[in-house]
Amino acid sequence: MSQNIALMMALPNESKGLFEAAGIEVHYSGIGKVNAAFKAYDVIQKTGCTTLLNLGTAGSSHFDAHALVEVTQFVQRDMDVSPLGFSVGVTPMDLEHPAEIGIEGMFSHLPKGICGTGDSFETGLPKVPCNLVDMEGYAIAKVCKKLGVRCVSVKYITDGANETAHLDWEENLLLGARKLLELYQTVK
């Protein structure tokens, strides 16, 4: 690659082995914010990358299923310390980083979205304003911000973040992997 980019995804299910078959190294984090934060830190330290590209899946009741959406901002949909007077999504006493983390784009042709990250598989409306949901992105973006590494994130919409989301997610993984691989190959 002409740029110093490391590729990170949550699960091998999201790549379906297509990236590896094409000779592309993928760093898998596992599910959730803690795993994603740890892996993002580890990848940045080991590779010395200047850009961490997060490709993966997301649910959305706003974007059409099978769309690729570039994330321009991440929020935490499950950080709720509202009983202490903080807005949902705000991490108390974290003055260094705001509740919303804006990230740079790389793919001008893709629609843009705000992604709500949480440690739950969302099947309803999030408590914070966002138009797609995932389980790792906010943590990856925060680690990148803290370490001065560019974060780029593109999500394949697998489901409507509703009561059938778990079934739709499973059913659409292969098509998503194909579309994400095709997109990745344009970065070369």
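Residues numbered from 1 in each chain as written. Predicted model: local features only at pLDDT ≥ 70, side-chain atom pairs only at ≥ 80, totals over all residues. Heavy atoms only, no water.

Now for the packing of helix 3 (residues 33–47) against helix 4 (residues 137–147). Where helix 3 contacts helix 4, the axes come no closer than 8 Å and their chain directions differ by 35 degrees. Relative to helix 4, helix 3 is oriented so that their crossing is right-handed. Only Ala 139, Ile 140, Val 143, Cys 144 and Leu 147 of helix 4 make contact with helix 3, whose side of the interface consists of Lys 33, Ala 36, Ala 37, Ala 40, Tyr 41, Ile 44 and Gln 45. Taken together, the residues of the contact of helix 3 with helix 4 break down into ten nonpolar, one polar and one charged. (Axes fitted to C-alpha atoms, helices over the stretch in contact; angles between N-to-C directions. Helix = DSSP H or I, 4+ residues; strand = E, 2+ residues; numbered from the N terminus. Left-handed = near helix turned anticlockwise from the far one by under 90°. Contact = heavy atoms within 4.5 Å. Nonpolar A, V, L, I, M, F, W, Y, C, P; charged D, E, K, R; others polar.)

Before going further, it helps to examine helix 5 (residues 165–184). At Leu 173, helix 5 shows its largest kink, close to 50 degrees. Buried within helix 5 we find Ala 165, Trp 169, Asn 172, Leu 173, Gly 176, Ala 177, Leu 180, Leu 181, Leu 183 and Tyr 184. Along its buried surface, helix 5 packs onto strand 1 (5–9), helix 1 (12–15), helix 2 (18–21), strand 3 (51–59), strand 4 (68–76) and strand 8 (150–159). (Bend = angle between axes of the 7 residues up to and from the residue. Buried < 20%, exposed > 50% of the residue type's maximum accessible area, 1.4 Å probe, protein only.)

With that out of the way, let us pick up unusual backbone geometry. Trans is the common state for peptide bonds, and a negative phi is the common state for residues other than glycine. For Lys 16, which is not glycine, the phi torsion reads 55 degrees and is therefore positive. For Lys 16, a relative accessible area of 39% gives the class partly exposed. Even without glycine at this site, Met 93 takes up a positive phi of about 65 degrees. Note that Met 93 resides in the loop between strand 4 and strand 5 (101–102).

What follows is about the pattern of salt bridges. Under the counting rule described, the total for this entry stands at seven salt bridges. Between Asp 94 and Lys 142 there is a salt bridge, with its nearest N and O atoms 2.4 Å apart. With Asp 94 in the loop between strand 4 and strand 5 and Lys 142 in helix 4, this pair connects stretches of sequence that are 48 residues apart. (Salt bridge = Lys/Arg side-chain N within 4 Å of Asp/Glu carboxyl O.)

Counting 26 residues, the largest nonpolar core has Ile 44, Leu 52, Phe 74, Ile 103, Leu 132, Ile 140 and Cys 144 as its most contacted members. Contributions of two or more residues to this core are made by strand 1, helix 3, strand 3, strand 4, helix 4 and strand 8. Counting residues per element, this core draws most heavily on helix 4, which supplies six residues. Not counting chain neighbours up to four residues away, the residues in contact with Phe 74 comprise Ala 99, Glu 100, Ile 101, Ile 103, Cys 115, Thr 117, Asp 134, Gly 137, Tyr 138, Ala 141 and Ser 153. Counting 19 residues, the second-largest nonpolar core is a separate cluster that includes Ile 5, Met 9, Phe 19 and Leu 55. (Core = buried A, V, L, I, M, F, W, Y, C linked by side-chain atoms within 4.5 Å.)

Moving on, we get to helix 3. Working note: α-helix, 3.6 residues per turn, so residues spaced by three or four point in the same direction. A rise of 1.5 Å per residue sets the reference length of helix 3, with its 15 residues, at 21 Å; its end C-alpha atoms lie 21 Å apart and thus fit the reference within 8%. Every buried residue of helix 3 is listed here: Lys 33, Ala 36, Ala 40, Asp 42, Val 43 and Ile 44. Lining the buried residues of helix 3 we find strand 1, strand 2 (27–28), strand 3, strand 4, strand 6 (112–117) and helix 4. Downstream of helix 3 by one or two residues, Gly 48 has phi in the positive range, about 65 degrees. (Expected span 1.5 Å × (residues − 1).)

Another point: the environment of Asn 13. Locating Asn 13 in the fold gives a position in helix 1. Separated by 43 residues in the primary sequence, Asn 13 and Gly 56 place their C-alpha atoms 9.7 Å from one another. Other than its neighbours up to four places away in sequence, Asn 13 contacts Trp 169 and Leu 173.

Turning our attention to the layout of surface pockets. Here the largest pocket is characterised by a volume of approximately 230 Å³. Lining the largest pocket are 17 residues, and of these Thr 57, Phe 121, Asp 134, Met 135 and Trp 169 lie nearest its centre. Listed by contribution, the elements that provide at least two residues to the lining of the largest pocket are strand 3, strand 7 (132–134) and strand 8. Looking at the lining of the largest pocket element by element, the count peaks at three residues for strand 3. Of the residues that constitute the lining of the largest pocket, the class distribution is eight nonpolar, three polar and six charged. Empty space within the second largest pocket amounts to approximately 150 Å³. (1 Å grid on protein atoms, 1.4 Å probe; cavity = no way out; pocket = protein on both sides within 12 Å on 5 of 7 lines; lining within 4 Å. Points joined across faces, edges and corners; volume = space filled by probe spheres on them.)

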